[in-house]
Amino acid sequence: MESLLTGKFNGLLKSKQKEIDMTTYTGSCLCGSVTYKAEGEPRRVFECYCNWCQKITGGSARAYAVFDRGSVEYTGENISEFVDANTEHGFKMINRFCAKCASPIEMLVERVSDGQFVPLGTIDQRQQLIVNEGLWGQAALPHVAFKKGREVKKQGGDSDLI
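Residues numbered from 1 in each chain as written. Predicted model: local features only at pLDDT ≥ 70, side-chain atom pairs only at ≥ 80, totals over all residues. Heavy atoms only, no water.

**Q** I'm lost on the overall build of the protein chain in this one. Help?
**A** A tally of helices and strands in the protein chain yields two helices and 11 strands. Start at the N end of the protein chain and walk to the C end: the helices and strands fall as α-β-β-β-α-β-β-β-β-β-β-β-β. In the protein chain, the proportion of contacts linking residues at least 24 apart, taken out of those at least 6 apart, comes to 52%. (Helix = DSSP H or I, 4+ residues; strand = E, 2+ residues; numbered from the N terminus. Contact = heavy atoms within 4.5 Å.)

Have a look at this one:
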């Protein structure tokens, strides 16, 4: 009887420890109509300087945290999307955004079917995440200065470094 109680206690303790260890990130669009919760650490945090990201944001780059597909849960009724099947990259990209304030909230990439790309600026805990990689550096605008020590690739994926 004692070993059964000990076993149940240890199982409960392990379950609670797992809950404590699991990192949760939260975020939202600018107006708060769309919110989300991401469970676990992102597997990649990077900036992209490609023409597509420049056009879709109107800025010099777009920063993302990539979470495993299914670990980010969105709530809200105002989610719209733009599907671009003719990107310079040669594969489909889906940009999801708030229909009310137009803040980007997610990007899905056909070539990375197991990932959810969450715009870094929408994450409440964004100060805790470190961008350690840059993609499509060859398309970066002239004023962009790459941070010392950051790995910047000419294009995406496994391309050469700049």
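**Q** Would you explain the sheet that holds strand β1 (residues 24-28) in this entry?
**A** Working definition: the strands of a sheet are paired by backbone hydrogen bonds and lie parallel or antiparallel to each other. Strand order across the open sheet formed by three strands is β1-β2-β5, with antiparallel pairing between neighbours. Among the strands making up the open sheet, the edge pair consists of β1 and β5 (72-75). Pairs of neighbouring strands in the sheet enclose a mean axial angle of 15°, with direction left out of account. Note: β1 against strand β2 (residues 35-39), five bridges, orientation antiparallel. (Pairing = 2+ DSSP bridges. Axes fitted to C-alpha atoms, helices over the stretch in contact; angles between N-to-C directions.)

Keep in mind these numbers describe shape, not what the thing actually does.
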